[in-house]
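These are the residues of each chain, in order.
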Amino acid sequence: MRFPRLKTGALAQYPATRALEFNTGVVRFIDGTEQRCRQRRAPAKKWIVRLELLDETELSTLAAFFQAAAGRAGRFEFRDPWTGELYANCSFVVDELEMELAGEMRAGTVLTIRENAAA
């Protein structure tokens, strides 16, 4: 299953955000010292995709995709809007999709997507 493109062919609208996410495990000992270790070999990527000028069809397509992906439980492919690189194991960060209808041809949502496994 692959993240859908908008009618324009774009994957995101401006402004969009991306970040690297490091997962670190911290073990605290009785004497107050800590030991830290990476829980992944490489940082995971995370994208915040803000979509504000959607029509009802595009919003409906995204809602159907979110439902098919089952929120955080699902897995899908996402193409990085900056680099064009395809990430095969991504999921949504939340289980609820918030949508806004502000008028005709003015629907919107914010989707946060994260890479599940770094190479």
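K.L.:
Please explain the nonpolar core as it appears in this structure.
P.N.:
Soluble, globular proteins show a tendency: their nonpolar side chains are buried together. Judged by nonpolar contacts, the single largest core of 18 residues is most densely connected at Phe-3, Trp-47, Phe-76, Phe-78, Cys-90, Phe-92 and Ile-113. Only strand 4 (44-54), helix 1 (56-69), strand 5 (76-79), strand 6 (86-92) and strand 8 (107-115) provide two or more residues apiece to this core. Top contributing element to this core by residue count: helix 1, with five residues. Setting aside residues no more than four positions away along its own chain, Cys-90 makes contact with Trp-47, Gly-74, Arg-75, Phe-76, Phe-78, Ile-113, Arg-114, Glu-115 and Asn-116.

K.L.:
Explanation requested: the packing of aromatic side chains in the structure shown.
P.N.:
Considering all chains together, one arrives at six aromatic pairs under this definition. Arranged with centres 4.9 Å apart and planes meeting at 55°, the rings of Trp-47 and Phe-78 form a pair that is tilted. Pair noted here: Trp-47 is in strand 4 and Phe-78 is in strand 5, with a separation of 31 residues, a long-range link. In this pair, the class of Trp-47 matches that of Phe-78, namely buried. When the centroid spacing of 4.7 Å and the interplanar angle of 50° are considered together, the rings of Phe-66 and Phe-92 count as tilted.

K.L.:
I keep staring at the confidence of the model for the protein and nothing clicks. Help me out?
P.N.:
Detailed reading of the predicted coordinates is not advisable wherever pLDDT falls low. Residues at a pLDDT of 70 or more form 87% of the protein, whose mean pLDDT is 81. Within the protein, no element has a lower average pLDDT than strand 7 (residues 99-101), which sits at 76, and none a higher one than strand 6, at 90.

K.L.:
Help me out: how do you make sense of the pattern of salt bridges in this one?
P.N.:
Any two side chains of opposite charge can pair, so long as their charged atoms come close to each other. A full pass over the atoms with the stated rule returns four salt bridges. For Arg-2, the salt bridge identified is with Glu-77, shortest N-O distance 2.9 Å. One end of the pair, Arg-2, is in the segment before strand 1 (16-21); the other, Glu-77, is in strand 5, with 75 residues separating them in the sequence. A salt bridge links Arg-28 to Glu-34; the nearest nitrogen and oxygen atoms lie 2.7 Å apart. The exposure class assigned to Glu-34 is partly exposed, which follows from its relative accessible area of 37%. A single salt-bridge network, built from bridges that share partners, covers Arg-28, Glu-34 and Arg-36.

K.L.:
Can you help me understand unusual backbone geometry in this one?
P.N.:
Comment: phi is negative for the bulk of residues other than glycine, and the bulk of peptide bonds are trans. Backbone geometry at Ala-70 places phi at a positive 60°, although glycine is not the residue there. The residue Ala-70 is located in the loop between helix 1 and strand 5 in this model.

About the criteria used
- Residue indices follow the written sequence of each chain, beginning from 1 at its first position.
- The model is predicted, so local features are restricted to residues of pLDDT at least 70 and side-chain atom pairs to those at 80 or more, both for listing and for counting; the totals for chains, interfaces and linings are taken over all residues.
- With hydrogens and water stripped out, all remaining heavy atoms of the structure feed into the side-chain values.
- For the purposes of this section, nonpolar cores are sets of buried Ala, Val, Leu, Ile, Met, Phe, Trp, Tyr and Cys residues that join through side-chain atoms within 4.5 Å.
- The buried label applies to any residue whose accessible area, calculated with a 1.4 Å probe on protein chains only, is under 20% of its type's maximum; exposed applies above 50%, and partly exposed to all values in between.
- Strands are runs of DSSP state E lasting at least 2 residues, helices are runs of H or I lasting at least 4, and numbering of each runs from the N terminus.
- Two residues qualify as a contact provided that any one of their heavy atoms is within 4.5 Å of a heavy atom in the partner residue.
- Here is the rule: rings of Phe, Tyr and Trp (six-membered ring for Trp) pair when centre to centre is within 6.5 Å. Planes less than 30 degrees apart are stacked, more than 60 are edge-to-face, and the remainder are tilted.
- The quantity known as pLDDT measures the predictor's confidence residue by residue, on a range of 0 to 100.
- Think of a salt bridge as a Lys or Arg side-chain nitrogen and an Asp or Glu carboxyl oxygen that are within 4 Å of each other.

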